[in-house]
Protein chains: 2
Amino acid sequence: MTTTGIVIFDGAEDLDIVGPWEVLGVSAALRSAAHGGQEVDRAVLVADSLGPVRCAQGLRVLPDATFDSHPVLDDVLVPGGIGTRTEVGNPRLIDWLRRTAPGCRWVTSVCTGVLLLHEAGPARGRSVATHWSFEDQLEARGDVTVVRDRRWVVDGNLVTSQGVSAGIDMALWLVGERYGVEHSRAVRRQMQYDPEPPYQD
Amino acid sequence: MTTTGIVIFDGAEDLDIVGPWEVLGVSAALRSAAHGGQEVDRAVLVADSLGPVRCAQGLRVLPDATFDSHPVLDDVLVPGGIGTRTEVGNPRLIDWLRRTAPGCRWVTSVCTGVLLLHEAGPARGRSVATHWSFEDQLEARGDVTVVRDRRWVVDGNLVTSQGVSAGIDMALWLVGERYGVEHSRAVRRQMQYDPEPPYQD
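What counts and what doesn't
Residues numbered from 1 in each chain as written. Chains lettered and ligands numbered in written order. Predicted model: local features only at pLDDT ≥ 70, side-chain atom pairs only at ≥ 80, totals over all residues. Contact = placed C-beta atoms within 7 Å. Helix = DSSP H or I, 4+ residues; strand = E, 2+ residues; numbered from the N terminus. Pairing = 2+ DSSP bridges. Axes fitted to C-alpha atoms, helices over the stretch in contact; angles between N-to-C directions. Least-squares fit on C-alpha atoms with pLDDT ≥ 70 in both. Buried ≥ 20, exposed ≤ 12 C-beta atoms within 10 Å, placed from the backbone. Expected span 1.5 Å × (residues − 1).

Peer 1: How should I be thinking about the interface of chain A and chain B in this particular structure?
Peer 2: Size of an interface: often given as the accessible area lost when the parts come together. Taken together, the contacts link 39 residues of chain A with 39 residues of chain B. Broken down by secondary-structure element, the contributors of at least two residues to the side of chain A that touches chain B are α1 (14-33), β4 (60-61), α6 (166-179) and α7 (181-190) of chain A. Looking at which element gives the most residues to the side of chain A that touches chain B, the answer is α1(A), with seven residues.

Peer 1: For this particular structure, what's the right way to read the sheet that holds strand β6 (residues 75-78) of chain A?
Peer 2: Strands belonging to one sheet form pairs held by backbone hydrogen bonds; the direction of such a pair is parallel or antiparallel. Residue and element names in this part refer to chain A. A sheet is described by the order of its strands in space; here seven strands give the open sequence β5-β2-β1-β6-β7-β11-β10, paired in mixed fashion. Every interior strand has two partners, whereas the edge strands, β5 (65-66) and β10 (152-155), have only one. Relative to strand β7 (residues 106-109), β6 is paired through four bridges, and the arrangement is parallel. Within the sheet, the bridge partner assigned to Asp75 lies in β7 and is Trp106. In this fold α1 packs onto β1 (2-7), β2 (41-47) and β6, with an angle of close to 150° to the strand it touches most, β2.

Peer 1: Before we go on, may I ask you to explain the relation of the copies chain A and chain B in this structure?
Peer 2: Look at the two chain copies: a rotation about an axis and a shift along it is all it takes to match them. In the superposition of chain A on chain B (RMSD 0.0 Å, axial shift 0.0 Å), the rotation amounts to 180°. The relationship between the two copies is best expressed as a two-fold rotation axis. Closest approach to the rotation axis within chain A is made by the C-alpha atom of Val61(A), at a distance of 2.3 Å.

Peer 1: In this structure, what is going on with unusual backbone geometry? I would like to understand it.
Peer 2: Across residues other than glycine, the phi torsion is negative in most instances, and most of the peptide bonds are trans. Residue and element names in this part refer to chain B. A positive phi angle is found at Val164, which is not glycine, with a value near 45°. Judged by local crowding, Val164 falls into the buried class, with 26 C-beta atoms found within 10 Å. For Tyr199, which is not glycine, the phi torsion reads 55° and is therefore positive. One can find Tyr199 in the segment after α7 (181-190).

Peer 1: Can you walk me through the pairing of strand β6 (residues 75-78) of chain B in this structure?
Peer 2: Side-chain direction in a regular strand flips from residue to residue, so the side chains alternate between the two faces of the sheet. All names here are of chain B. Burial along β6 is two-sided: the face carrying Asp75 and Leu77 and the face carrying Val76 and Val78 are both buried. Where strand β1 (residues 2-7) and β6 come together, three bridges link them in parallel fashion. Bridged to Ile6 within β6 is Leu77.

Peer 1: Help me understand α1(A) in this model?
Peer 2: Count 3.6 residues to each turn of an α-helix, and residues three or four apart come out pointing the same way. An ideal rise of 1.5 Å per residue puts 28 Å on 20 residues; α1(A) measures up with 28 Å between its terminal C-alpha atoms. With respect to burial, α1(A) is a largely interior element, 16 of its 20 residues being buried.

Peer 1: For this particular structure, what's the right way to read the sheet that holds strand β2 (residues 41-47) of chain B?
Peer 2: All names here are of chain B. Taken together, seven strands build an open sheet; the order of strands is β5-β2-β1-β6-β7-β11-β10 and the sheet is mixed. At either end of the open sheet lies a strand with only one pairing partner, and these are β5 (65-66) and β10 (152-155). Here β10 pairs with strand β11 (residues 158-161) via four bridges, running antiparallel. Among the inter-strand pairings, Val154 is bridged to a residue of β11, identified as Val159. Set on the sheet, helix α6 (residues 166-179) makes contact with β7 (106-110), β10 and β11; between it and β11 the angle comes to about 150°.

This is how it looks when you write it as structure tokens:
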């Protein structure tokens, strides 16, 4: 049983959350089917309270657990979004990350979520990825190396991705790292993730 | 002002909803910024009631409006997911689609959402795309041509996409169709949608 906690907060970017959530959900469903329907993995949305969280693009989501009451987490994922500008100064969230990350196998972020991991500590002194528009600002905070040409960056147990949609690629990499390349490919096939962005330059 | 209604229901696939939602949200934000902060476009989640909807992978989302009370919709989007198997027999949803679709500029679906558009009428006699695993079943329903090698299919004002993640590509095409290629490219850049699926075969 692997439990991934995805931290959510007002102004978190909608797809930063739901891209990896979808990957983890499909991964769990495929693994459950291979284990006679037993629940083997799960992802939970963790927030300060159980009230609705309003994401950056307006999606209103209900958390599954709170900072004070959640299952033991194997992995943690921090989304980005405009809300990180506020949350970086929220001691409740930052302290929770500081306490929780050291017990996790994988500590991960999407987009500007790495700002919160930098504030809390896990991204200090590490190589990371972030949204293209935030690279300079993040580097200016110091004690971090921003990698600008990689969709996601693995540094020890820290995995950080570029902006928004990059969380999907990172999460597919993670389920492959954990459960094998063929499993990740099966998840990708179920999501029919053979991207064809229109209007390519 | 363009209003897109995304129909949601228990068992709708999480990313089928939030992929296009993210595209539409970023598109609206960029266009709003270009119009002095004025709201120019919006997307609303429309459901049978205002209670939480539980998506296929467990995401719990609050609807913005109900079938009985929602703003006039310019476009409608129908997600897929396991829940379509139930909803295809739900007269409330099917009748709503039957009434609403004829007034829309674009009638769209992601993944198996096309099943509901077939039941309600708009996909009858049309060329469509769907999830790879559902192509045979959909074709067996008759009065529809399933295109198996296109990420999304445009037939008149009906636009249908392949499985789950394909809704992102379709939505980017739609905002480009409506607001221009450069606008769509700007949305894609903001989402940093330069996919690099791992473990390519």
